[in-house]
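Take a look at the letters that make up each chain.
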Amino acid sequence: MNAEPSYESLVAMLAWQIDLGATEAVGDVPVDRYATELPDRATPAQSGPVAVAQHIAPDAAVAASVGSDAVLAAQAIADQATTLAQLHTALKAFDLCELKRGARKTVFADGNPSARVMIIGEAPDREEDTEGRPFVGDAGQLLDRMFAAIGKSRGAADPDSAIYITSVLPWRTPQSREPSPDEIAMLLPFLARHVALVDPAVIVLMGNSPCAAALGARGITRLR
């Protein structure tokens, strides 16, 4: 007969789970995630660019704090873009965000825009700001290896094997700090239009800022 675990072993197991990033205890009753209904804004019955991007929109309170004129200007400019090339050009010409003044390049996207999988990261770091492509540093190399393990890459021509990568912000923040709510609100219309034009089947949110932008929620460990 197996002995009951000691208090010390239980504490050690709990500490191990916390080190791995666990933030919530498992409930007493198991949850069938396959049977759980999705929120209305992400139901499988919806399809097309509008369905994918409809929930990625500036929060009214945050938009007010950053200035409605800036958000409305970004929205009007983004809405006029009918292709990714036009959106890229419009974003590079957008001068209302102070981050642009300290950045070397506008980091727009990388990979195959026909890909079924779209990755949304946070903001460029020093290497990405220098090269002008998202996810090119250590994190990007790890991301490439992870997707290569399941037969996908940003360079693949086949949409089923390709990935497409962009960021919430196209410009590096000072000292690569976390983007502020004001910065996210100002540039969110461009991200929403980007998603609508690509129309991916799957969106992968890489970090707290993408979760805040797309879902209006933070705490990526809990969200996972």
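Residues numbered from 1 in each chain as written. Predicted model: local features only at pLDDT ≥ 70, side-chain atom pairs only at ≥ 80, totals over all residues. Heavy atoms only, no water.

Regarding the sheet that holds strand S1 (residues 109-111)
Stage number 1. In space, the four strands of this open sheet follow the order S1-S3-S2-S4, with mixed pairing throughout. The two strands at the open ends of the sheet, each matched to only one other strand, are S1 and strand S4 (202-205). Pairwise comparison of adjacent strand axes, ignoring direction, gives a mean angle of 20° for this sheet.
Stage number 2. Sheet topology note: the S1/strand S3 (residues 163-167) ladder contains three bridges and is antiparallel. Bridging across to S3, Gly111 finds its partner in Tyr164. (Pairing = 2+ DSSP bridges. Helix = DSSP H or I, 4+ residues; strand = E, 2+ residues; numbered from the N terminus. Axes fitted to C-alpha atoms, helices over the stretch in contact; angles between N-to-C directions.)

Details of the environment of Arg133
Stage number 1. Relative to the assigned elements, Arg133 resides in the loop between helix H7 (126-131) and helix H8 (138-148).
Stage number 2. Separated by 33 residues in the primary sequence, Arg133 and Thr166 place their C-alpha atoms 8.6 Å from one another.
Stage number 3. In contact with Arg133, not counting residues within four places along its chain, are Val107, Asp110, Glu128 and Arg154.
Stage number 4. There is a polar contact of 2.5 Å between the side chain of Arg133 and the side chain of Asp110. (Contact = heavy atoms within 4.5 Å. Polar contact = N/O pair within 3.5 Å; in protein donor to acceptor, adjacent residues only side chain to side chain.)

Structural notes on the pattern of salt bridges
Stage number 1. Tallied over the full model, the rule gives eight salt bridges.
Stage number 2. Where Glu98 meets Arg101, a salt bridge forms, and the shortest distance between an N and an O atom there is 2.9 Å.
Stage number 3. On the basis of relative accessible area, Glu98 is assigned to the exposed category, the value being 55%.
Stage number 4. Take Arg101: its relative accessible area is 62%, and that puts it in the exposed class.
Stage number 5. For Arg154, the salt bridge goes to Asp110, with nearest N and O atoms at 2.8 Å. (Salt bridge = Lys/Arg side-chain N within 4 Å of Asp/Glu carboxyl O. Buried < 20%, exposed > 50% of the residue type's maximum accessible area, 1.4 Å probe, protein only.)

Overview of helix H10 (residues 208-215)
Stage number 1. By the burial criterion, the buried members of H10 are Ser209, Pro210, Cys211, Ala213 and Ala214.
Stage number 2. Two residues or fewer past H10, Gly216 is found with a positive phi of approximately 70°.

Re empty space enclosed by the protein
Stage number 1. Summed over all chains, the structure comprises one cavity of 30 Å³ or more.
Stage number 2. Roughly 90 Å³ of internal volume is contained in the largest cavity.
Stage number 3. Lining the largest cavity we find 13 residues, and of these Leu91, Ser167, Phe190, Leu191 and His194 sit closest to its centre.
Stage number 4. Of the residues contributing to the lining of the largest cavity, the split by class is 10 nonpolar, three polar and no charged. (1 Å grid on protein atoms, 1.4 Å probe; cavity = no way out; pocket = protein on both sides within 12 Å on 5 of 7 lines; lining within 4 Å. Points joined across faces, edges and corners; volume = space filled by probe spheres on them. Nonpolar A, V, L, I, M, F, W, Y, C, P; charged D, E, K, R; others polar.)

A few points about unusual backbone geometry
Stage number 1. Here Gln175, not a glycine, exhibits a phi torsion of approximately 55°, which is positive.
Stage number 2. Looking at where Gln175 falls in the secondary structure, it is placed in the loop between S3 and helix H9 (181-198).

Focus: the nonpolar core
Stage number 1. One finds Phe94, Tyr164, Trp171, Leu187 and Phe190 to be the most contacted residues of the largest nonpolar core, which totals 35 residues.
Stage number 2. Going through the elements one at a time, helix H4 (68-80), helix H5 (84-93), strand S2 (117-121), H9 and H10 are the ones with two or more residues in this core.
Stage number 3. Sorting elements by how many residues they give to this core places H9 first, with eight residues.
Stage number 4. The next biggest cluster of nonpolar side chains, apart from the first, holds seven residues, and it includes Ile119, Leu143, Phe147 and Ile165. (Core = buried A, V, L, I, M, F, W, Y, C linked by side-chain atoms within 4.5 Å.)

Some words on the packing of aromatic side chains
Stage number 1. This structure, assessed with the given rule, holds one aromatic pair.
Stage number 2. Seen in terms of ring centroids, Phe94 and Phe190 are 5.1 Å apart; in terms of plane orientation they differ by 65°. Their pairing is edge-to-face. Here Phe190 lies in helix H9 and Phe94 lies in the loop between H5 and helix H6 (99-102), a separation of 96 residues in the sequence.
Stage number 3. When its relative accessible area of 2% is taken as the criterion, Phe94 is described as buried. (Phe/Tyr/Trp six-rings, centres within 6.5 Å; stacked < 30°, edge-to-face > 60°.)

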